[in-house]
Structures are given as structure tokens and as C-alpha cells.
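Take a look at the letters that make up each chain.
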Amino acid sequence: MAIIDSINHILEELVKYIPDVVYDYIPESKISRSLLIGAATGALAYLIFKKRYRLPPGPFAWPLIGNTEVYRKGNLAKKFLKMSKKYGQAFMFYMGPIRCLILNRIDVINEALLTKGANYSDRFPIYSNEILFEGGEDIINGRYGTGWKLRRKIAGRAMRLFMVSGNFNIKVEEAVSKTVEAMLNEKGPFDPKPYMFFTTLNILGGMVFGTKYEYNDENYLDLLNSFEEMAKVGSEGVFLENMFPPARWFPSNRFKHAIQLVKHFLDIMRSNIERIEGQFVPGKITNFTESLLQAEKEIREEGEENMTHFKHHHIVLIVFDMFLAGNDTSRQTLYWALMYMAGLPGVQKKIQDEVDSVVGNDRYPTTSDRENLSYTDAVLHEIMRLGTAVPVGVPHMTSCDTTIDNGKYEVPKDTMVFINHWGIQNDPDNWEEVDKFKPERFLDSDGKMAPKPENWLPFSAGRRVCLGEPMAKPELHLILAGFCQRLLIEPEPGKTINLEPMDNGLVISPHPYKIVVKPRIKP
Ligand code: HEM
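Residues numbered from 1 in each chain as written. Predicted model: local features only at pLDDT ≥ 70, side-chain atom pairs only at ≥ 80, totals over all residues. Heavy atoms only, no water.

The protein chain carries the name Cytochrome P450 in an unreviewed UniProt entry, which gives Patella caerulea as its organism. In its Cofactor (unreviewed entry) section, the UniProt entry covering the protein chain states "heme". (UniProt positions renumbered as here; feature names shortened; annotations may be inferred.)

Below is the structure:
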């Protein structure tokens, strides 16, 4: 009570200098007065002593709600590119109360991801991710530090093992041949989207669990529906719960639905891991999950105290990451690929000629054909440029006060950072005839793949670079080559395919057309 009395004494003295009109608003109760003066003094001290930063420019932001016009609806990547022309290549906006830095040019992106990688590689602790990912201790959402590094290293090693074991070519071939067969069974024009899911899921399922799915398999349909539903919930916009903590006391139905979906998905992962664990013979690794189980065993043998950063729970989260990060990105790229093939028969024919001459038709393409299938590779690069699968990346966070644009601006600790991958890949300042589908831009004068243009960055760079890049690129290349080798892909009769991306939602999606496929090789 002594504190309240002394605050009130100060207030009594101060009010003598306050104009009457303000005096009327000062409550009479001593406790309310103390709270008021305490809050006012706190706010004043905050304003006086708050560190002032030389922040990058950006639009005016309302307190608490920030720039609703930016984050509420529509395609973020396109908005960011447009805003960068007004505010500069490193600018800020506020998502609710969260301060966000947007990077739109390769030199500032390289500065953040490569030169100052240690300052820019943390992840923002997004509330929904911490809830959905049971603590957010997976790889994608993991905070930058020892635990994340260890989990990334173990998962990277497991993936490399799959790539070099010879299993990779086999799994891709199995997946492509199953999809080709299923699509050829279609009687008329059909939507190719579910088939792309079927292809990528078969490869991921093969890698992670050693599973093979059939098109009407119950387990497969369960995964497909869970994924479709998760993608739908995710594309409906940001969760209010992430921006405004009080919203967490009364979670929206959408948020509750997302929790149920992820829980179901994690249960599927757990039951598969348990099955593999039951048959696991240490030292004998045949799939990704067994590699993780082996790593867990070795870490445990070094002493239980080493297990803080790699427990059984982390295996479930890492496996979930593989499906989450690996599936939607790859299937979306393939969906674009089929639309381009149906819409651009000349490009399709050139791939077919290349595959026919390099591979022939009595076997499927393999990774060793890749360097001789340069035109196919260039087409894939152009598809990934225009149909960027992760348009504004996975947000990073600064782990300390830092700078950007060679010291021109200061960026405070805990700022959320977006890399506009779609933006640099579709900026007319970076590419000639930016909207034109031109695979040749990736080829040298001998028709071989030229060095990667610096503005082609679908997988990001630096410490958080996509873990799946070494797998995704050859995988998508083999699938595209395999489809074109086996199939003639055409639009639905009477339809012309509009290859402009749809202008809605967070992802860059093609317009949904039906296609027709015909066999090129007799089965
Ligand atoms: C078209 C295919 C793909 C694209 C365009 C893509 C793109 C990306 C991007 C932009 C990021 C964020 C990087 C950053 O934070 O700066 C990322 C992260 C990640 N990706 Fe991919 N990805 C693809 C396929 C895959 C596949 C097939 C897998 C695994 C099977 C995978 C696993 C991951 C993981 C685990 C991360 C998190 C890395 C970390 O936070 O340390 N991705 N990916």
C-alpha cells in the first residue's frame, strides 16, 4: 500500500499542472489512479527509452491490426512485388502487431541468407505451428539452434542414403508407371490433379515408409483427403490466433478443424512408424524411417543425456515434415507441368524427341540420363520459375538486431522475414519477356544447361535452404521425362488452356482444366 500512497502523492502534485478538461478523466479511486499513472509512466518511459531503429520504408501501419490491406486477402507474392516498386527492395509491413521485412531483390536476399545467415535463419514461433506441430520442434518450424541442426543433419543423411541406394530410380519408375497406367484407364477427359498427388505420394511413401499405394487404396485415399482438407484450410488465410493472443482463448472453428486434421495426420505417421519399428533390424536400413530409428539408437547408446534434441517424438515430426514439405510443392509443380504440356504441344514434342533419342522406349529414364536430357531440365526450370511452388517462402526471423542493404537499414531482433521467391522469378527487371514460357533461357549455346541464373531461387538458399532440393529436382525431372515418354498429353477437345496463373489464394495455381492422354508406347 505504501507504493500506492506514494504514487498518489506524486499524482496529487502532478494534477496541479494538468488542464481541467483532462483532470475530469482521472478516476477518483486511489487504486485506479495508481494503475493509470503506472501505465502512463510505463508508456512514456517506453517511448523515451525505446531503441530507435533506422527501419526500412513501408506503408503506414495501424497499431495492433497493422496493414490489413496487405495480409487479408489475395496473393502476397504479387502484392509484395508491386509494393517493392514503391517502397524499395527491402521494405516493411505489419501483419497485425508482427513486424515483417520483405526481401525482393537477389542482392538483399543473398545478404540475409548467405552473408548474414546466422542473423536471419531463425523461424518465427508462430502459435498455430507450435500447437499443430506439438511444440514446433520439427525441422521446418524448428528454432535455429543445436536441436534443429541435429535433426536437419540426421534427416539430410537419411535422404542422401535413399538417393544413392539405387532405390530412388526404382521408386520413381514404380510411381510413374502406376500413374501412367491409371491415367490411361480414364475413359474421357479428366482432372489430372489427383494423379499428380498419387505420383508424389507414392515416391514419398516409398522413401519414408517403403510403402506402395494403389489408386483406390483405402490408406491412400485417407491421406489424399487429409491433405486436400489441410490445403483448403491453409489457403483460407492467416489464423487470427497467430496475430492476436486473446483470440486463442476462443479458437475459431477453422483453427479447431486444423488441429483435428493435423492430429489425424500425425496418427497416420505414428502407426506407420510403429509398424516399421516392429520389424526394424538395427544396421539394416531400407527406408528413411529406419535411418531415423538407427540415429535414435546411436544417440541413445552415447548416453540418455544426449537425447534432449532427438527423441522418438522428433521422428514423428520429421516424417510429417517430409510429407508436408515434399508433397504439396512437388505435386503443384507437376500439375503445372501437365498443364504446360497440354497447352504447349510444341514444347511437349521437343521433350518427347529428346527422351526418344537419349532413352528410347524400352526402359524408363533414370538419374544417369539427366545430363543428356537438358531441354527437359530447362522446361522444368521454366515451370518452377513461373509456377513458383512456395511463392513467399517459409518465413524466417532475425535472431538479433541486424542490418540490411549494406547497412542502409536496421532490422530489429524478432522481425519476421519473407523472401519473395515468386517476385524475383517474375520481376520484369530481372528477366527478358518475363511472362513468356522460354525454357531456352536456361540453356547455353550447345543446348546444355547453362549455370543457374541468380534470380532463379525456388528452393531458397543458405542455412535453411530446402532440405529436399537434391531429391526434388531429379525426381520432377524423371517424372516429366517419364510422362512425356509414355503419353501424348492433350487438352480436352474444343478447349484452349489459359496458362496464366489464377489470381487467388496464397499459392500460384494453374486454371483447372481437364486433359486427355493417349499412349505413345504400346504397353
Ligand atoms: C518443387 C519442390 C520443392 C520446392 C520448390 C521447395 C521449396 C522450399 C522452400 C522455399 C523452403 C523454405 C526455405 C527457407 O526457409 O528459406 C523449403 C524448406 C524445406 N523443404 Fe522444400 N521444396 C520442395 C520439395 C521438397 C521435398 C521433396 C522435401 C522433402 C522430401 C522438402 C523438404 C523441405 C524441408 C524439410 C524444409 C525445411 C528446411 C529448414 O527449415 O531447415 N522440400 N522448401
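### Some remarks on the environment of Ser226
Relative to the elements of secondary structure, Ser226 occurs in helix H12 (residues 218–235). For Ser226, the contacting residues outside a window of four places in its chain are Leu261, His264, Phe265 and Ile268. (Helix = DSSP H or I, 4+ residues; strand = E, 2+ residues; numbered from the N terminus. Contact = heavy atoms within 4.5 Å.)

### Let's talk about the nonpolar core
Counting 130 residues, the largest nonpolar core has Met269, Phe288 and Phe323 as its most contacted members. Among all residues touching Phe288, those that are not within four sequence positions of it are Ala155, Ala158, Met159, Met207, Val208, Ile318 and Met322. Residues Ile109, Ile404, Val411 and Ile419 belong to the second largest nonpolar core, which totals 18 residues. (Core = buried A, V, L, I, M, F, W, Y, C linked by side-chain atoms within 4.5 Å. Buried < 20%, exposed > 50% of the residue type's maximum accessible area, 1.4 Å probe, protein only.)

### Quick notes on the coordination of the iron atom of the ligand
If you check the protein contacts of the iron atom of the ligand, you find one donor only, Cys466 (SG), at 2.3 Å. Tracing the sequence through the fold places Cys466 in the loop between helix H19 (421–425) and helix H20 (469–486). (Donors = N, O, S within 2.8 Å, 3.2 Å for Na, K, Ca; no water.)

### Overview of the side chain of Gln485
One can find Gln485 in helix H20. The contact partners of Gln485, leaving out residues within four places of it in the chain, are Val355, Val359, Gly360, Asn361, Arg363, Tyr364, Pro365, Arg520 and Ile521.

### A look at a nonpolar patch on the surface
Side chains of Phe60, Trp62, Leu64 and Ile65 sit close together on the surface and give an oily, nonpolar patch of about 490 Å² of accessible area. Mapped onto the secondary structure, Trp62 falls in the loop between helix H3 (30–49) and helix H4 (68–71). (Patch = residues over 30% accessible without salt bridge, like charges linked within 9 Å, V, L, I, M, F, W, Y side chains within 5 Å. Areas by Shrake-Rupley, 256 points an atom, 1.4 Å probe, with all protein chains shown as cover. Salt bridge = Lys/Arg side-chain N within 4 Å of Asp/Glu carboxyl O.)

### Focus: the packing of aromatic side chains
A complete count under the given rule lists 25 aromatic pairs for this structure. Seen in terms of ring centroids, Phe80 and Phe91 are 6.2 Å apart; in terms of plane orientation they differ by 75 degrees. Their pairing is edge-to-face. In this pair, Phe80 is assigned in helix H5 (residues 76–87) and Phe91 in strand S1 (residues 90–95), connecting sequence segments 11 residues apart. Pairwise contacts between aromatic rings join Phe190, Tyr195, Phe197, Phe198, Tyr213, Tyr215, Tyr220, Phe227, Phe265 and Phe320 into one cluster. The ring of Trp431 carries the charged tip of Arg385 above its face, separated from the ring centre by 5.0 Å. Here Arg486 stacks its cationic end above the ring of Tyr364, 3.9 Å away from the centre of that ring. (Phe/Tyr/Trp six-rings, centres within 6.5 Å; stacked < 30°, edge-to-face > 60°. Lys NZ or Arg CZ within 6 Å of the ring centre and 35° of its normal.)

### What to know about unusual backbone geometry
A negative phi holds for most residues other than glycine; trans holds for most peptide bonds. Of note, the phi angle at Asp405 is positive, near 60 degrees, even though the residue is not glycine. You can see Asp405 is positioned in the loop between strand S5 (402–404) and strand S6 (409–411). Its relative accessible area of 18% is what places Asp405 among the buried residues. Backbone geometry places Glu433, a non-glycine residue, at a positive phi of 45 degrees. Looking at where Glu433 falls in the secondary structure, it is placed in the loop between H19 and H20.

### Points about the UniProt feature "binding site: heme" (unreviewed entry) in the protein chain
UniProt annotation of "binding site: heme" (unreviewed entry) refers to Cys466 when read in the numbering used here. Here Cys466 is in contact with Arg152 and Phe459, once residues within four sequence places are set aside.

### Looking at helix H17 (residues 345–358)
An ideal rise of 1.5 Å per residue puts 20 Å on 14 residues; H17 measures up with 20 Å between its terminal C-alpha atoms. Listed as buried for H17 are Val347, Gln348, Ile351, Gln352, Glu354 and Val355. Looking down the long axis of H17, one finds its buried residues gathered within 165 degrees of arc, a one-sided arrangement. Counted as exposed and oriented over 90 degrees from the buried face of H17: Pro345 and Ser357. (Expected span 1.5 Å × (residues − 1). Arc of directions from axis to C-beta.)

### Remarks on the site of the ligand
Near the ligand you find 28 residues, and of these Arg123, Arg152, His396, Ser460 and Cys466 are the closest. Within the side chain of Arg123, a nitrogen or oxygen atom sits 2.8 Å from an oxygen atom of the ligand. Between the ligand and Ser460 there is a distance of 2.6 Å, counted from an oxygen atom to a side-chain nitrogen or oxygen. Those elements that place two or more of their residues in the shell around the ligand are helix H9 (146–164), helix H16 (312–343) and H20. Of the residues forming the shell around the ligand, the biggest block, 6 residues, is contributed by H16. Taken together, the residues of the shell around the ligand sort by class into 17 nonpolar, 8 polar and 3 charged. (Near = heavy atom within 4 Å. Polar contact = N/O pair within 3.5 Å; in protein donor to acceptor, adjacent residues only side chain to side chain. Nonpolar A, V, L, I, M, F, W, Y, C, P; charged D, E, K, R; others polar.)

### Brief notes about the pairing of S1
With 5 of 6 residues buried, S1 lies mostly within the body of the structure. Strand direction decides the pairing type here: S1 and strand S2 (residues 98–103), joined by 6 bridges, are antiparallel. When the sheet's bridge partners are listed, Ala90 is paired in S2 with Leu103. Here S1 folds back onto S2, and the loop between the two strands holds 2 residues, one of which, Gly96, carries a positive phi near 60 degrees. (Pairing = 2+ DSSP bridges.)

### Side note on the environment of Pro97
Along the chain, the position of Pro97 falls in the loop between S1 and S2. When its relative accessible area of 41% is taken as the criterion, Pro97 is described as partly exposed. Excluding anything up to four places from it in sequence, Pro97 contacts Leu64, Met243 and Phe244.

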